[in-house]
Amino acid sequence: MNAKGEHFRHPGTFLRKSALRKVLSPAGSRAFTLIEMITVVGIIMILSILAISSYLHAKNHAYEISAKYDLHNLITFEEAFFAKRDRYKPYTGPSDFPGMKLSPGVTLATAGNPESPADFTAQGWHEKTDKLYIYHFDTGLFEETTKP
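Below or above, wherever it landed, is the structure these notes cover. For clarity, every value in this text was computed on a predicted model and none was experimentally measured. (Residues numbered from 1 in each chain as written. Predicted model: local features only at pLDDT ≥ 70, side-chain atom pairs only at ≥ 80, totals over all residues. Heavy atoms only, no water.)

**Some words on the environment of His 126**
Here His 126 shows up in strand β2 (residues 121–126). Judged by relative accessible area, His 126 falls into the buried class, the value being 3%. In this structure, the C-alpha to C-alpha distance between His 126 and Ser 66, residues 60 residues apart in sequence, is 7.7 Å. One polar contact links the side chain of His 126 to the main-chain amide nitrogen of Lys 128, over a distance of 3.1 Å. (Helix = DSSP H or I, 4+ residues; strand = E, 2+ residues; numbered from the N terminus. Buried < 20%, exposed > 50% of the residue type's maximum accessible area, 1.4 Å probe, protein only. Polar contact = N/O pair within 3.5 Å; in protein donor to acceptor, adjacent residues only side chain to side chain.)

Right, dumping it as structure tokens:
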């Protein structure tokens with residue numbers, strides 16, 4: 001009892017017998033509400049959309065990198081051939097240069113006059129992307145365009 005004659009409950013008994021607690025969780029139920037479930041499902045959907053888009057971007061980027069890498073290997077073999085014979089070798093397939101391996105889905109080609117670096121180019125692309133990479137032997141520059 002306090003000075004005014006009021007009775008106080010012990011804090012522990014107040015929490016156990018709270019009317020508000022009984023309304024929020026009838027019969028001691030500890031289940032999730034529908035709103036909580038919808039919120040969790042929504043968050044999971046947003047995270048999965050972000051993960052899938054990141055995965056597809058990374059996969060496409062990997063295809064582009066494999067095309068660039070194989071084109072770089074072709075350029076290296078062509079330059080070594082040019083250093084020995086003073087001309088480039090028209091590329092018809094991996095058998096042209098022993099030891100050269102292509103990544104799956106990558107296509108390489110050469111175009112122009114093998115006797116003149118000014119007219120000789122190498123091209124590479126991956127079948128699952130729309131990018132075409134061109135290397136100009138006279139300038140040593142790469143060009144990135146879209147496939148026709």
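**What to know about the pattern of salt bridges**
Counting across every chain of the model gives two salt bridges. With its nearest N and O atoms 3.8 Å apart, the salt bridge here joins Glu 64 to Lys 131. Residue Glu 64 is found in helix α3 (residues 34–85), and its partner Lys 131 is found in strand β3 (residues 131–136); the two are separated by 67 residues along the sequence. Here Glu 144 makes a salt bridge to Lys 131, at a shortest N to O gap of 3.1 Å. Placement of the pair is Glu 144 in strand β4 (residues 141–146) and Lys 131 in strand β3, with a sequence separation of 13 residues. What makes Glu 144 partly exposed here is its relative accessible area of 45%. (Salt bridge = Lys/Arg side-chain N within 4 Å of Asp/Glu carboxyl O.)

**Here's the deal with the environment of Leu 141**
With respect to the helices and strands, Leu 141 occurs in strand β4. Its relative accessible area of 53% is what places Leu 141 among the exposed residues. In this structure, Leu 141 is in contact with Ile 134, Tyr 135 and His 136, ignoring residues within four places of it in sequence. (Contact = heavy atoms within 4.5 Å.)

**Some remarks on the packing of aromatic side chains**
For the structure shown, the criterion picks out nine aromatic pairs. Each ring, one from Tyr 88 and one from Phe 137, has its centre 4.5 Å from the other, and the planes form 45°; the classification is tilted. Taken together, the positions of Tyr 88 in the loop between α3 and β1 (106–111) and Phe 137 in the loop between β3 and β4 put the pair 49 residues apart, joining distant regions of the chain. For Tyr 88, a relative accessible area of 2% translates into the label buried. Phe 137 gets classed as buried once you look at its relative accessible area, which sits at 7%. One Lys or Arg, Lys 89, reaches over the ring of Phe 97 and ends 5.5 Å from the middle of that ring. (Phe/Tyr/Trp six-rings, centres within 6.5 Å; stacked < 30°, edge-to-face > 60°. Lys NZ or Arg CZ within 6 Å of the ring centre and 35° of its normal.)

Note that every value here comes from positions in space, so none of it alone points to a role or purpose.
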